[in-house]
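Structural overview for review
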Amino acid sequence: MAQGQKWLRGLGIGVAAGAVVLGAGWWLIGPDWRGLLAHPPSGRDVLFWSVPQRDAAFRMLDKLPMIIESRPIKAGGTVRPLPAGAPIDLGDGVDLDAYFETQNAAALVIVHEGKIRLERYGNGFTPDGRWTSFSVAKSLTSTLVGAAMADGDIKSLDDKVTDYIPDLAGSPYDAVTIAQLLTMTSGVAWNEDYEDPQSDVALFDKQAVPAGDSGIVNYMRTLGRAHPPGEVWNYSTGETNLIGVLVSEATGKPVAEYLSEKIWTPYGMEQDASWLLGQDGHEISGCCIQAAARDFARFGLFMLDGAATAGGPVVPPDWVGAATVKQADIGEPGHGYGFQWWTWDDGSFMADGIFGQGIFIDPGRDLVIASNANWKTALGLADGEWPERSAFYRAVQAAVDREAGTPAP
């Protein structure tokens, strides 16, 4: 009996010790992993995760190879400085606390004339963290087309897509040019409904891919034609994914490596970034670069610098001017679409990603605004996050104009 009691006491001590170790481990793994374990994502269907699942996973998608793999985008040893400037006065009409709450914001970095005028983080995110960009990546992917042209690997935007992706021959892309891919005017049918589990954007990365094949090329070959090439704009993540394949085929390099070589390292990004991969092992080029908010802001500065690094221009001389003005009518007064950039008629342009990611660039005001968030819905329309974001951009522009003594438009 005494021996049994001794064994039970030993078992109790062991259980207690194990609980202490597990409890200590729970705290040692840090808040990001604790959040993820509390709200684990359900498979790869990012579009259909809950808000808590996205809050937990958006900050660490490239640390979850059991869900999705990634490829590094290496930074160099020299960091482009982002000196602090005087705090910007946004005026009484902007309640920054309320803005962060309704946006479910993770990061906001405002850079004016090369200096940080406002930097703030929320949702447990920090300057050292990397948040996924979603379609902000499209604007980086398109810039790599310009880089490949400057390098002589792509001859002309009038070249046929099939010149670089022969496996698309015999598909609706036979008559489509690179320029039409960049402006999303191919005329090929594509459904970008983020709330429809049967839409193309929800299905393209779920297909079985034969070894050595491109999953996105195989998927895009199956689509039909909705309009003649060059006539109608239709937003298509699939087409940006094709642009990434095209760049890789032209340069012989993964787009993550090419981005590192042409921009990330020579421009002086502060941290390594990463690019999520499709099931075929190719970067999902229309989406999914994980980077620090400051480095997204630096990419905005890179564009303000004419897409040039210390080594000189990365793209042809006329690239930035053509890429960032309206090339296609999107049916919204005052706005348009360039080469994978959303354009404003006042000369501003932006990279924009679902659930609240963005880089807003205003060359006339020497202004960059980088934002990360997790909206309730992909487009931020049902609960008003996107209209609020747009109004915030206008408020920052107005603040810059007040400082300069510029009359309101």
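Now for a look at the structure at hand. (Residues numbered from 1 in each chain as written. Predicted model: local features only at pLDDT ≥ 70, side-chain atom pairs only at ≥ 80, totals over all residues. Heavy atoms only, no water.)

**With respect to the sheet that holds strand 13 (residues 367–373)**
The 7 strands lie next to each other as 3-2-13-12-11-10-9, forming an open sheet whose pairing is antiparallel. Looking at strand neighbours, the two that pair on one side only are strand 3 (115–121) and strand 9 (335–337), the edges of this open sheet. Averaged over all pairs of adjacent strands, the angle between strand axes in this sheet comes to 15°, irrespective of strand direction. Pairing of strand 12 (residues 357–362) with strand 13, which is carried by 5 bridges, proceeds in the antiparallel orientation. The partner of Ile 359 across the bridge, within strand 13, is Ala 370. In the packing of helix 5 (residues 136–150) onto the sheet, contacts are made with strand 9, strand 11 (349–353) and strand 12, and the angle to strand 11 comes to roughly 125°. (Pairing = 2+ DSSP bridges. Helix = DSSP H or I, 4+ residues; strand = E, 2+ residues; numbered from the N terminus. Axes fitted to C-alpha atoms, helices over the stretch in contact; angles between N-to-C directions. Contact = heavy atoms within 4.5 Å.)

**Here's the deal with helix 4 (residues 96–103)**
Within the sequence span of helix 4, burial applies to Leu 96, Tyr 99, Phe 100 and Gln 103. Around the axis of helix 4, the buried residues are gathered within 95° of arc, so they sit on the same side. The outward face of helix 4, more than 90 degrees from its buried face, is lined by the exposed residues Asp 97 and Glu 101. Buried residues along helix 4 sit against strand 2 (105–112), strand 3, strand 13 and helix 13 (385–404). N-cap assignment for helix 4: the residue whose side-chain oxygen lies 3.2 Å from the backbone N of Asp 97 is Asp 95. Positive phi shows up at Asn 104, right after helix 4, with a value of about 50°. (Buried < 20%, exposed > 50% of the residue type's maximum accessible area, 1.4 Å probe, protein only. Arc of directions from axis to C-beta. Polar contact = N/O pair within 3.5 Å; in protein donor to acceptor, adjacent residues only side chain to side chain.)

**Some points on the sheet that holds strand 1 (residues 70–73)**
If you walk across this open sheet you meet the 4 strands as 1-5-6-4, and the pairing is antiparallel. Only two strands of the sheet have a single neighbouring strand rather than two, namely strand 1 and strand 4 (131–132). Relative to strand 6 (residues 289–291), strand 5 (residues 273–276) runs antiparallel, the two being bridged by 2 bridges. If you follow Trp 275 over to strand 6, its bridge partner there is Ile 289. Across the face of the sheet, helix 10 (residues 255–264) comes into contact with strand 1, strand 5 and strand 6 while running at roughly 15° to strand 1.

**Digging into the side chain of Arg 298**
The topology assignment puts Arg 298 in helix 11 (residues 293–304). Polar side-chain contacts of Arg 298 include one of 2.8 Å to the side chain of Asp 295. In contact with Arg 298, not counting residues within four places along its chain, are Val 79, Arg 80, Leu 82, Tyr 267, Gly 268, Met 269 and Glu 270.

**So, the state of the cysteines**
Scanning the model with the defined rule gives 1 disulfide in all. Paired through a disulfide, Cys 287 and Cys 288 show a sulfur-sulfur distance of 1.8 Å. Torsion about the S-S bond of the Cys 287 and Cys 288 cystine: about 65°, corresponding to right-handed handedness. One exposure class covers both Cys 287 and Cys 288, and it is buried. (Disulfide = S-S within 2.5 Å.)

**Section: the side chain of Asn 372**
Position of Asn 372 relative to the elements: it lies in strand 13. Apart from the residues within four sequence positions on either side, Asn 372 is in contact with Ala 105, Ala 106, Ala 107, Phe 125, Trp 131, Ala 293, Phe 296, Gly 356 and Gln 357.

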